[in-house]
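Reading the structure
Here is how the chains run, residue by residue.
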Amino acid sequence: MSNTIDALALKKAFIAGANNLDKNKEYINELNVFPVPDGDTGTNMTLTILSAVKEVEAAPDDMKSIAKAMSTGSLRGARGNSGVILSQLLRGFSKKVQDARTIDVHVIADAFQKAVETAYKAVMKPKEGTILTVAKGVASKARECADADMSLAQFCDEVIEYGDAVLDSTPEMLPVLKEAGVVDSGGQGLMVVLKGAVDCLMGRVTVELSKNTGTVNVARTSTGAGNDSISTADIKFGYCTEFIINLEKPYGEAEEDDLKSFLESIGDSIVCVSLDDIVKIHVHTNHPGQAFEKGLTLGYLTNMKIDNMRIEHHERVIGQAERDEAEKQEEERQHRKQEHKEPRKKYGFITVSMGDGLKTLFEELGADRVIEGGQTMNPSTEDMLNAIDDVNAENIFILPNNKNVVLAANQAATLCEDKNIIVIPTANAPQGISAMIAFDSTVDVDENRSAMKSAVKNVKSGQVTYSVRDTSIDGKAIKEGDIMGIGDKGLVSVGNDIENVTFELIADAVDEDSEVISIYNGADVSEEDAQKLTGRVEEAYPDVDVQCYYGGQPIYYYIVSVE
């Protein structure tokens, strides 16, 4: 085989790496330490790299175009911390290969080193035992092998073997990995990409580049009764629930019938639209979380949305199952074009949140755009950039409201050239709410940044959800289906009762200086249960102001904060 890689070979190797990641993403998801039903590492990295694949496939077969497509596609599509770090690795790699006519082991070694430098700079507090450590080990071995003038085949074998060894050592660097009995999921994802690319270079797998400009697909659709109109006068099922299942399991007529039967057992006004490898769901139910859980048995979820019809008091009508996306985008573009003719206001706000109740709270506090997402589905850098484009303001504060969204927000800020973007690194919705309350329109940007960050530091928060697998965290044994109370510093309580676990989570956060306890109940918690918990907390802490709000968030029964 050749000892150099030309542009076409690079394109195929990159696509092969992405395909390998896509194939193994569920395995990578299962390596996550916390067994919560959220946007996991494998999913985030896959969505990130597949965003780049779209641009790489369309790029001309020259090195500069392919390198640019790898970089820009992954940067804009980056989701979650692991996805952002992967995009930075690709960005650094691309800078070194873009001007090469062909790539040899020396160019690869230089590109790997630049990739590591770029990724480390993007993370404020790099932690060893993660994807960064694996990338650094791979780059170090690549330099050693290149200096020894190895052939490309030997170079690849040595680098992959060493990368696996570094990955296997990550539990010794991070005790939490060792306790859970897993290696770092991001590092595993990186090795999966590299192995897929090497398999292609070595001829063990082949990649056929599509020559088609587009294909016509026929959708298989089934609907439940009564989907043309929904009366709000006598609503039996209160939550309009929509989501897309990205299929990872076999899905034929039997599976479709089973899915529809389940949805009919928990609600009505059902629409199932099947198109290739996705299924679009609409259902009215009193238990949105159960619908999500059923969907998770078939694949990972995106575009999750819940509307409380009883609170909103409006008719919700199901239109065409497949929206005319081009028309929608054109309308938005025309709207922004008209808006940008108007003078920009001084301040604007973008927040990330899931649940109609929390969305309403942020809008009431002054948020211009609320991006749907967060723990259950991390929005991409491009989602952030689109929101920034929508907000006609000179200075825009972004509140990610999730630790796994902060890097994507920071990346969007660096890519925006015509507006001043300020990211307040809020880790959850309560912190975001406190930050917005602390904002003062009469003072300048720096004073607001300082005040908002200070407000965030005063918030202790926690979330209550269920475990999706057996594991052990902080010395606590967890079984699949257990209720978990997760605080700012990790797991606080585990049990079988939602109220008891939530109460223990709040008790852990309350101290003699506590003044306010806020409780946000999710879509799967009844108002009666929320009020019962609130009463119990009020009785236990009579000197603290206890407030209960409808959050409407899926998956998480309660989000709580103590200030």
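Here, the structure is the one placed above.
Let us look at the structure shown here. Each residue is numbered by its place in its chain's sequence as written, counting from 1. Since the coordinates come from a predicted model, pLDDT governs what is reported: local features require at least 70, and pairs of side-chain atoms require 80 or more to be given and counted, while whole-chain, interface and lining totals use all residues. The basis for every side-chain value is the complete set of heavy atoms in the structure, and neither hydrogens nor water enter the calculation.

Moving on to the sheet that holds strand β17 (residues 558–562). Sheet strands line up and pair through hydrogen bonds in the backbone, either parallel or antiparallel. An order of β14-β13-β10-β17-β15-β16 is seen for the six strands of this open sheet, with the pairing classed as mixed. Of all the strands in the sheet, just β14 (490–495) and β16 (545–550) have a single pairing partner and so form its edges. The sheet shows a mean angle of 20° between the axes of neighbouring strands, taken without regard to direction. Both strand β15 (residues 516–521) and β17 contribute to a ladder of five bridges, which runs antiparallel. Across the sheet, residue tyrosine 520 finds its bridge partner in β17, namely isoleucine 559. Residues are treated as being in contact if the distance between any of their heavy atoms lies within 4.5 Å. As a rule, the C-alpha atoms of each element are fitted with a line to give its axis, helices using only the stretch in contact, and angles between N-to-C directions run from 0 to 180 degrees. Helix and strand definitions follow DSSP, with helices as H or I runs of at least four residues and strands as E runs of at least two, each counted in order from the N terminus. Where helix α14 (residues 356–364) meets the sheet, its contacts fall on β15, β16 and β17, and the angle it forms with β16 comes to roughly 115°. In short, DSSP must find at least two bridges between two strands for them to pair.

Spatial ordering of the open sheet is given by β7-β6-β8-β9, a layout of four strands whose pairing is parallel. Because the sheet does not close on itself, it has two edges, and the strands there are β7 (369–372) and β9 (420–423). Here the strands of the sheet are splayed against their neighbours by 20° on average, with no regard to which way each runs. As paired strands, strand β6 (residues 345–353) and strand β8 (residues 393–399) are joined by six bridges and run parallel to one another. Considered in β8, the bridge of phenylalanine 349 is made with phenylalanine 397. Strands β6, β8 and β9 of the sheet are contacted by helix α18 (residues 445–457), whose axis makes an angle of about 10° with β8.

Turning our eyes to something else, we now look at helix α7 (residues 152–173). Expected span of a helix: the number of residues minus one, times 1.5 Å. End to end, α7 covers 31 Å across 22 residues, agreeing with the expected 32 Å (1.5 Å per residue, within 8%). Here's how the labels work: a residue is buried when its accessible area is under 20% of the maximum for its type, exposed when over 50%, partly exposed in between, all with a 1.4 Å probe on protein chains only. Listed as buried for α7 are Leu152, Phe155, Cys156, Val159, Ile160, Gly163, Val166, Leu167, Thr170 and Pro171.

A word on helix α1 (residues 7–29). The terminal C-alpha atoms of α1 lie 32 Å apart, and with 23 residues this matches the ideal 33 Å at 1.5 Å per residue to within 8%. Counted as a polar contact is a pair of N or O atoms within 3.5 Å, where, for protein atoms, one must be capable of donating a hydrogen and the other of accepting one, and residues adjacent in sequence contribute only when both atoms are in side chains. The residue sitting at the N-terminus of α1 and contributing the capping side-chain oxygen is aspartate 6; that oxygen lies 3.3 Å from the backbone nitrogen of leucine 8.

A separate point is empty space enclosed by the protein. Here a cavity denotes grid points, spaced 1 Å and computed from the protein atoms alone, that fit a 1.4 Å probe unable to get out, and a pocket denotes an open set having protein on both sides within 12 Å along at least 5 of 7 lines; residues with an atom within 4 Å of a point are the lining. Grid points are joined across faces, edges and corners, and a volume is the space filled by probe spheres set on the points. This structure, assessed with the given rule, holds one cavity of 30 Å³ or more. Each pocket or cavity is described by its volume, and for the largest cavity that value is around 520 Å³. Contributing to the lining of the largest cavity are 27 residues, with Phe93, Ile108, Phe112, Leu194 and Ala197 lying nearest its centre. If you tally residues by element for the lining of the largest cavity, the top one is helix α9 (residues 185–201), at six residues. Across the lining of the largest cavity, the residue classes break down as 26 nonpolar, one polar and no charged. When residues are sorted by character, Ala, Val, Leu, Ile, Met, Phe, Trp, Tyr, Cys and Pro go into the nonpolar class, Asp, Glu, Lys and Arg into the charged class, and all the rest, Gly among them, into the polar class.

Nothing here speaks to function; it is all geometry.
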